[in-house]
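Okay, here's what each chain looks like letter by letter:
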Amino acid sequence: MMFVCGQGTASNKGMEVDCQAEESMVSAFDEESVELGDVKDMRLEAEAVVNDVLFAVSEMHVSQSLNSASDVAYINVETREGNRYCLELTEAGLRVVGYAFDQVDENLTTQYHETVYSLLDTLSPGYREAFGNALLQRLEKLKQNGQ
């Protein structure tokens, strides 16, 4: 695991980190991500993203026609409103790169989102509603099991 510290630098020796004691350390990688050494495999990460939010969209799958690699993957999503997007997943996060499945518009400059939840929250009111309903159902189930 690699760490980023203020002005310090991470060494090549696993967990060793060069930083001042008073500096706060921030993990350079999300703890639940799929990692190969110190690098995420974005193809595997994309599959996890799809599985995580498939319940709240009409359709979602990792693109089979666009070339994914260890550092980039493409995800096609159709919102509950019927809007289609092609998403790019990289270390920087997720962003819309096209407004149709398997379409990458090189001239499109869209904002990166740290999570798929944040991105879908901005794109789809239907996603927000489905996510909120799923959360309420889980809370109800916990409440029933607790009594």
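The coordinates are above.
Residues numbered from 1 in each chain as written. Predicted model: local features only at pLDDT ≥ 70, side-chain atom pairs only at ≥ 80, totals over all residues. Heavy atoms only, no water.

Peer 1: Where do I start with the sheet that holds strand β7 (residues 59-62) in this structure?
Peer 2: What holds strands together in a sheet is hydrogen bonding between their backbones, with the strands either parallel or antiparallel. Taking strand neighbours across the sheet as the criterion, the four strands line up as β7-β8-β9-β10 in an open arrangement whose pairing is antiparallel. Two strands close off the open sheet at either side, each with one partner strand: β7 and β10 (93-98). Adjacent strand axes in the sheet meet at a mean angle of 25°, parallel and antiparallel pairs treated alike. Where β7 lies against strand β8 (residues 73-78), four bridges are found, and the strand directions are antiparallel. Counterpart to E59 in the pairing with β8 is E78. Of the strands in this sheet, β7, β8 and β9 (84-90) touch helix α1 (residues 42-53), which is tilted by about 165° from β7. (Pairing = 2+ DSSP bridges. Helix = DSSP H or I, 4+ residues; strand = E, 2+ residues; numbered from the N terminus. Axes fitted to C-alpha atoms, helices over the stretch in contact; angles between N-to-C directions. Contact = heavy atoms within 4.5 Å.)

Peer 1: Honestly, the pairing of β10 in this entry has me stumped. Any pointers?
Peer 2: Residues in a regular strand project their side chains so that they alternate between the two faces of the sheet. With respect to burial, β10 is a largely interior element, six of its six residues being buried. Where β9 and β10 come together, five bridges link them in antiparallel fashion. Of the residues in β10, the one forming a bridge with C86 is G98. Following β9, the chain reverses through two residues before pairing antiparallel with β10. (Buried < 20%, exposed > 50% of the residue type's maximum accessible area, 1.4 Å probe, protein only.)

Peer 1: Please explain the pattern of salt bridges as it appears in this structure.
Peer 2: Between side chains of opposite charge, a pair can form as their charged atoms come close. Within this structure, the stated rule accounts for five salt bridges. R84 is the salt-bridge partner of E59, the closest N and O atoms lying 3.9 Å from each other. You can see E59 sitting in strand β7 and its partner R84 sitting in strand β9, a full 25 residues away along the chain. Residue class for R84 comes out partly exposed when judged on its relative accessible area of 39%. Across the pair E78 and R84 runs a salt bridge, and its minimum N-O distance is 3.0 Å. A relative accessible area of 17% means that E78 is categorised as buried. (Salt bridge = Lys/Arg side-chain N within 4 Å of Asp/Glu carboxyl O.)

Peer 1: Hey, could you run me through the environment of S68 in this one?
Peer 2: Here S68 lies in the loop between β7 and β8. For S68, a relative accessible area of 21% puts it in the partly exposed group. Sequence-wise, S68 and A46 are 22 residues apart; in three dimensions their C-alpha atoms are separated by 9.6 Å. Those residues in contact with S68 that lie beyond four places of it in its chain are R43, V62, A73 and Y74.

Peer 1: So what exactly am I meant to see when it comes to the nonpolar core here?
Peer 2: Residues M60, I75, V77, L87, L94, V116 and L120 are the most contacted members of the largest nonpolar core, which totals 23 residues. Elements supplying a minimum of two residues to this core: α1, β7, β8, β9, β10, α2 (116-123) and α3 (125-146). For this core, the element with the highest residue contribution is α1, accounting for five residues. Those residues in contact with V116, other than ones at most four positions away along the chain, are V49, V53, M60 and L94. Among the nonpolar cores identified, the runner-up in size contains five residues, and L66, V72, C86 and V97 belong to it. (Core = buried A, V, L, I, M, F, W, Y, C linked by side-chain atoms within 4.5 Å.)

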